[in-house]
Amino acid sequence: MVSLHRRLLRLLTATALTLTACVTASAGTTAEAAPGSPALTPPLGWNSWNSFGCSITEAQVRQAADAMVSSGMRDAGYQYVVVDDCWFDPQRDAAGNLRANPTKFPSGMKALGDYIHGKGLKFGIYQAPNEKTCAQGVGTYPGSTGSKGHERQDAATFASWGVDYLKYDWCSGSGTLSEQIARFTLMRDALRATGRPIVYSINPNSFHAPTGDKYDWGEVADLWRTTEDLLDIWQNNNTNSYPMGVGNVLDVTAPLAAQSGPGNWNDPDMLVVGRPGLSLTESRSHFALWSLLSAPLMAGNDIRTMSADVSAILRNPRLLAVNQDPLGAGGRRVRDDGDTEVFAKPMSDGSVAVGLFNRGVLAPARHRAPRHQAGQRH
Ligand code: GLA
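Cut-offs applied
- Residues numbered from 1 in each chain as written.
- Predicted model: local features only at pLDDT ≥ 70, side-chain atom pairs only at ≥ 80, totals over all residues.
- Heavy atoms only, no water.
- Phe/Tyr/Trp six-rings, centres within 6.5 Å; stacked < 30°, edge-to-face > 60°.
- Helix = DSSP H or I, 4+ residues; strand = E, 2+ residues; numbered from the N terminus.
- Buried < 20%, exposed > 50% of the residue type's maximum accessible area, 1.4 Å probe, protein only.
- Lys NZ or Arg CZ within 6 Å of the ring centre and 35° of its normal.
- Axes fitted to C-alpha atoms, helices over the stretch in contact; angles between N-to-C directions.
- Parallel < 35°, antiparallel > 145°, perpendicular 65-115°, else oblique.
- Left-handed = near helix turned anticlockwise from the far one by under 90°.
- Contact = heavy atoms within 4.5 Å.
- Nonpolar A, V, L, I, M, F, W, Y, C, P; charged D, E, K, R; others polar.
- Salt bridge = Lys/Arg side-chain N within 4 Å of Asp/Glu carboxyl O.
- Near = heavy atom within 4 Å.
- Polar contact = N/O pair within 3.5 Å; in protein donor to acceptor, adjacent residues only side chain to side chain.
- Areas by Shrake-Rupley, 256 points an atom, 1.4 Å probe, with all protein chains shown as cover.

> What should I look at first to understand the packing of aromatic side chains in this one?
Here the distance between the centres and the angle between the planes together describe a pair of aromatic rings. Under the counting rule described, the total for this entry stands at 13 aromatic pairs. On the basis of an interplanar angle of 70° and a centroid distance of 6.0 Å, the ring pair of tyrosine 168 and phenylalanine 184 is categorised as edge-to-face. Of this pair, tyrosine 168 sits in strand E5 (residues 165-169) while phenylalanine 184 is found in helix H9 (residues 177-194), placing the two residues 16 residues apart along the sequence. Ring centres of tyrosine 168 and tyrosine 200 lie 6.0 Å apart, and the angle between their planes is 50°; this geometry places the pair in the tilted category. Within this pair, whereas tyrosine 168 is found in strand E5, its partner tyrosine 200 is found in strand E6 (residues 199-203), the two being separated by 32 residues in sequence. When its relative accessible area of 0% is taken as the criterion, tyrosine 168 is described as buried. Joined through ring pairs, the aromatic side chains of Tyr168, Trp170, Phe184, Tyr200, Tyr215 and Trp217 make up one cluster. The ring of tyrosine 115 is capped by arginine 62, whose NZ or CZ atom sits 4.7 Å from the centre of that ring.

> Quick question: what am I supposed to make of unusual backbone geometry here?
Note: most peptide bonds trans; most residues except glycine with negative phi. Cis geometry is found at the peptide bond from tyrosine 242 to proline 243, where omega equals -5°. Despite not being glycine, phenylalanine 207 shows a phi value in the positive range, around 55°. Secondary-structure assignment places phenylalanine 207 in the loop between E6 and strand E7 (223-225).

> Sorry, what's going on with the packing of helix H4 (residues 58-70) against helix H6 (residues 109-118) here?
How two helices pack is summed up by the angle between their axes together with the distance between the axes. Remark: H4 packs on H6, axes separated minimally by 10 Å, with the N-to-C direction vectors making an angle of 15°. The orientation of H4 with respect to H6, classified from their angle, is roughly parallel. Between H4 and H6 lies a crossing whose hand is right-handed. Of the residues in H6, those in contact with Glu58, Val61, Arg62, Ala65 and Asp66 of H4 are Ala111, Leu112, Tyr115 and Ile116. Among the residues forming the contact of H4 with H6, the class breakdown is 6 nonpolar, no polar and 3 charged.

> Help me understand the pattern of salt bridges in this model?
Pairs may arise between side chains of opposite charge once their charged atoms sit close together. Taken as a whole, this structure holds 19 salt bridges when the rule is applied. Note that aspartate 84 and lysine 167 form a salt bridge whose closest N and O atoms lie 2.7 Å from each other. Here lysine 167 lies in strand E5 and aspartate 84 lies in the loop between strand E3 (80-83) and H6, a separation of 83 residues in the sequence. Each of the two residues, aspartate 84 as well as lysine 167, counts as buried. Glutamate 341 serves as the salt-bridge partner of arginine 333, at 3.0 Å between the closest nitrogen and oxygen. Taking the relative accessible area as the measure of exposure, glutamate 341 reaches 3% and is therefore buried.

> It is not clear to me how the site of the ligand should be interpreted in this structure. Could you clarify?
Close to the ligand lie 15 residues; Asp84, Asp85, Lys167, Asn203 and Asp229 are nearest. In the model, an oxygen atom of the ligand is placed 2.7 Å from a nitrogen or oxygen of the aspartate 85 side chain. Take lysine 167: an N or O atom from its side chain is 2.7 Å from an oxygen atom of the ligand. Burial of the ligand by the protein amounts to 99% of the accessible area it has alone, namely 310 Å². Of all elements in the fold, only helix H7 (134-137) and E5 reach the threshold of two or more residues within the shell around the ligand. A class-by-class count of the residues in the shell around the ligand yields 5 nonpolar, 3 polar and 7 charged.

Have a look at this one:
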């Protein structure tokens, strides 16, 4: 009886034959890849924010890169090690160049990139299109080092450091959708002008009325956040406002499946798998759902200290194969019976990956607030 009520998503790959009746998505509905896109499948990696927030240091990033190798994540397909907000000196240099925070990142960003590349991994970094990054605008981090007016210069700096992935975060309450499109496009063009393939990951939502679900950003970026920030919460009453839970992000992102395709990924935010506010069962369901959505899978837990169970969730080979299928179709919710739902993702070989999702609650005690939120609002 109890097992009937457990939040459980079982994913199986089945032949198209057995699923033809319930799958309405066709393989021809994926978005087109941008020419030369470096993200033909959803990016797999780790990002510092959810576990370390603004206190991230170079040593921790190096250790995370080490852990990505020793845990087997690299061999499972994870590539990007992304340093989120608070890596930079609060002042640009005399020529207007960005530079590393000398206390937190004493070796500098080029050396960090070299270290990450030396592990067979790729290097990601965070920046913002306005005057301030999120930690500067709404947190207590000093300075105004956003890229506004410095787009070409900053893109060239990132390329010279060996950056392979840029997370570009609006983080301002101001700006219309067309202003956002124009500003995000400036950095897209600046990145392209470097000649270096750099995955372009944008967030048009933070501290702004969410626009990630109101416009198809595929012309502008390789991946775009669809919602406000996901924390380690199963579900709350927020539709698309901070903080989001797994179920809330799922409900905003699932209807956007048609936007998904090689070089075009709906980003339902970094994973909270293994974060303290989710049970292992919830983490498994979350990972399976993000895999079915063709979401970028950016681990946000402290992978240096994760348990064997959490490591196994992140390295699940069948789910990673579903996520990385070259067709890039977004999983669709093909049936919704309230607490039970069915998701289906067409695969390149003509089969369909299916997830049976029970989102019902077990008992009132299972509703609990997240215990620890390092990557919280400032
Ligand atoms: C915003 C973003 C987060 C993170 C922080 C950093 O909240 O949505 O993912 O990058 O800024 O300050």
